[in-house]
Amino acid sequence: MTVLTDNARDHRQRFDLQTFLVRFGLFFLLAATLILFALLRPTFISVGNINDMMRSASIAAIMFLGLTWIVAAGEIDVSFMSVAALANMLVAGLVQAGFGWPVASLGGLAVGVVFGLVNGGLVAIFRLPALVITIATGGLAGSIAAAIGLGTSISLSSTGFVGAALQTNIGIIPLVALVVVVLYAIAYFIQEHLTFGHYLYAMEQNRAAVVEAGIPVNRILFLLYILSGVASAVAGILLTADLSSGQPYIGGSYFIDGLTSVLLGGMALKYGKPNVVGTIAAVLLLAALLSGAALLGWTDSQRQIVRGMLLLFGVAFVVWARRKNRAHI
Amino acid sequence: MTEALKLPPILLRLGAFIGLLAVIAAVFQFFAPAYLSNANLHALLRHMSVNGLAAIGLTFVIVVRHFDLSFPGVASLGAMTLGWLLAMGHGLGVSISGGIAVGVLAGVINGTAVAYFKLPDIVTTIATGGVAVGLSYFYSNGTSISENFFMSGILDLNDAKMLTLDMPVVILLCSAVVAFIILHASRYGRAFYATGENKLSAIFSGVRVKAYILAAFALCGASACLAITLLVASSGAANVTAGSQLLMPAFAAVYLGAALFGAPSIPATLAGTLLMSAMLNGFTLLAIPYYYSDAIVSTVLIGAIAIFDPKLTAMLTGMVTGRTTAR
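Residues numbered from 1 in each chain as written. Chains lettered and ligands numbered in written order. Predicted model: local features only at pLDDT ≥ 70, side-chain atom pairs only at ≥ 80, totals over all residues.

(A) Seen up close, unusual backbone geometry. Residues and elements named next belong to chain A. Non-glycine residue Arg127 carries a positive phi angle of around 55°. The residue Arg127 is located in the loop between helix H4 (101-125) and helix H5 (130-148) in this model. What makes Arg127 partly exposed here is the crowd of 13 C-beta atoms within 10 Å. Even without being glycine, Ser244 reaches a positive phi, approximately 40°. With respect to the helices and strands, the residue Ser244 is situated in the loop between helix H10 (217-243) and strand S4 (245-246). (Helix = DSSP H or I, 4+ residues; strand = E, 2+ residues; numbered from the N terminus. Buried ≥ 20, exposed ≤ 12 C-beta atoms within 10 Å, placed from the backbone.)

Printed below as a string of structure tokens:
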């Protein structure tokens, strides 16, 4: 009897080490990346660089919040970056046309709501294929964004109250980073401690079973797409102030980043289930990579390959870890 | 109304396709009298051959119920490989084979990851597409390649004619015939469809499901690179962003065709491509900027999926005949 329990405990303990590595590997990777870049280029950990990094990571984190939950619920949205680009261009266009920043920001938010409604309506209510629908709505948003500036960017002379808020620092930490931390803390509470969050995980596992349990799956999905649209639009508005211009093709660089963050983040803590803590860690990793790569003089294409490889290995690792541990979770 | 509904479905669908094509042609003919001229129809078909080839490859992947989002990136890599090989002084055959080999290799990587390692298709192909775009920068640091193009004769791929048809159209037709035979006139085609319909019963019917998924991805990569070869031939330079314009028209063509004819197939894809190219060519003729035409392509894609979706159609027919749909 004693031997038996001993064996069982031993087994579990050995297992725990592996589990630990799988669950916290992303955080180690993040720490290792930060330390490596700091050693190679001391300017990497200068106050200004850290400040910049946190600001750009915060904007990305806002953009990917809705996406994290959509992917966690087993659906996909590939229109988020184009919605951000459209909000970005619309705000720039409205400001240039003489409307104030408040009106322009409301316009940008409206873009997010409209595209969220369209995506949610078509995917959640009419049950059309999410990938193709969001490719199409993303294309639509992207082309409207290009049409606003007639194919070129719009540069602005003032960044209004959004710019002022974005540049506010508390110590060396930008205010927007604190807002993101609060936002993600709330999101963490909702996803891990409220039934709503459990529905998300359950929908990914078995949509039909969740429907049979009497949960309004379509309404939840609808809300998720609206959330994703609004979050992307907010990020787009912030980008307008951050770049003090409207860039119609800004979406492209966020596309792989968004999916990499969500899926790589899913690797952390939850064995491949996208969660907000993982997303923010992955966003920080990508921001560090961007900044460090620039300091080391890597070209864009080299960074692109690194990101693609990260995504590929992240996914492979998740699938491997899940299959190996399925019986034990 | 009820009489019309009693016609054989294929006639109805064919009628809808011809009707749509006629409407598009009439609208553009009205605004741009040069639309139906001989020269423009040649341009239209040349345009169609690039998108059609990419869409034919994608059809295989859609038939096995997977997605490939990597083919635009892979096509860019293929284009740069082709351009680099030509610039190095290799012959036309070697260079084109090299470009297509890149596509096959990328397709095999995708297919292995998805079929054998069971990785999720969307994310995997996004990642491999990203890596392919990154790799395509290595040949020339991102500048376009056009050395030796005139000497090598690649431009003849675009300019040569065969029986009054342009060479790209001939290549599209040959590829379509081959794809048609594979998918619709051989047991391999049945196996592709069986894999897509029900993987488990396909396995028990003796279909090597994994091999077919792998083959579908490989065909998709290869045909994307063949498509980009034609694009490189027509523009006279290999470009790192060449592939990015393939994604939306190819998906739109496959889904528009599948929506019109009820299921993805080679004729349906060709019909979808023809509709898309008829529209895009018209917009080019009217000198409408690309961003408006992109918006219209997306709207058409959304509309096609929504209107021809069986659930929505059932709902609408129910409304027309005054019955509520059973829930």
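(B) The arrangement of the interface of chain A and chain B in detail. On the side of chain B, 37 residues touch chain A, which itself brings 35 residues to the contact. At the level of elements, H5, helix H11 (251-267) and helix H13 (300-325) of chain A are the ones that each hand at least two residues to the side of chain A that touches chain B. Tallied by class, the residues present in the side of chain A that touches chain B amount to 24 nonpolar, 9 polar and 2 charged. (Contact = placed C-beta atoms within 7 Å. Nonpolar A, V, L, I, M, F, W, Y, C, P; charged D, E, K, R; others polar.)

(C) Here's a closer look at helix H3 (residues 38-63) of chain B. Residue and element names in this part refer to chain B. Relative to the 38 Å expected for 26 residues at 1.5 Å per residue, H3 spans 35 Å between its end C-alpha atoms, a close match to the ideal helical length. The largest bend in H3 amounts to roughly 25° and is located at Ser49. Taken from the residues just after H3, Arg65 is the one with a positive phi, measuring 60°. (Expected span 1.5 Å × (residues − 1). Bend = angle between axes of the 7 residues up to and from the residue.)

(D) Spatial organisation of the environment of Gly142(B). Relative to the helices and strands, Gly142(B) is located in the loop between helix H6 (121-136) and helix H7 (149-152). When the C-alpha atoms of Gly142(B) and Met80(B) are compared, they prove to be 9.3 Å apart, with 62 residues separating the residues in sequence. In contact with Gly142(B), other than residues within four places in its own chain, are Ser301(A), Tyr137(B) and Val240(B).

(E) Quick peek at the environment of Gly91(B). Residue and element names in this part refer to chain B. Looking at the secondary structure, you find Gly91 in the loop between helix H4 (71-87) and helix H5 (92-116). Judged by C-beta crowding, with 12 C-beta atoms within 10 Å, Gly91 ranks as exposed. For the pair Gly91 and Gly52, spaced 39 residues apart in sequence, the C-alpha separation works out to 26 Å.

(F) Seen up close, the packing of H3(B) against helix H13 (residues 247-261) of chain B. All names here are of chain B. Contact pair H3 / H13: the axes reach a minimum separation of 8 Å and the direction vectors enclose 60°. Taken as axis vectors, H3 and H13 run oblique relative to one another. In this structure, the crossing between H3 and H13 has a hand that is right-handed. Every residue of H13 that contacts H3 at Asn51, Ala54, Ala55, Leu58, Thr59 and Ile62 is listed here: Pro249, Ala250, Phe251, Ala253 and Val254. (Axes fitted to C-alpha atoms, helices over the stretch in contact; angles between N-to-C directions. Parallel < 35°, antiparallel > 145°, perpendicular 65-115°, else oblique. Left-handed = near helix turned anticlockwise from the far one by under 90°.)

(G) How the structure looks around the confidence of the model for chain B. Residue and element names in this part refer to chain B. With 91% of its residues at a pLDDT of at least 70, chain B reaches an overall mean of 83. Scored below 50 in pLDDT, residues 1-5 shows 0 contacts in the model against residues more than four places distant or in partner chains. Scored below 50 in pLDDT, residues 323-327 makes 5 contacts in the model with residues more than four places away or belonging to other chains. Interface confidence for the predicted complex, expressed as ipTM, amounts to 0.78; the pTM equals 0.83. (pLDDT = per-residue confidence, 0-100.)

(H) Geometry of the nonpolar core. If you look at the biggest cluster of nonpolar residues, it comprises 212 residues, and the most contacted ones within it are Ala84(A), Leu311(A), Ala216(B), Ala227(B), Phe251(B) and Tyr255(B). Per-element tally for this core: the top contributor is helix H12 (residues 209-235) of chain B, with 19 residues. Ignoring any residue separated from it by four or fewer positions in sequence, one finds Ala216(B) in contact with Phe60(B), Val61(B), Val63(B), Val64(B), His66(B) and Phe192(B). (Core = buried A, V, L, I, M, F, W, Y, C linked by C-beta atoms within 7 Å.)

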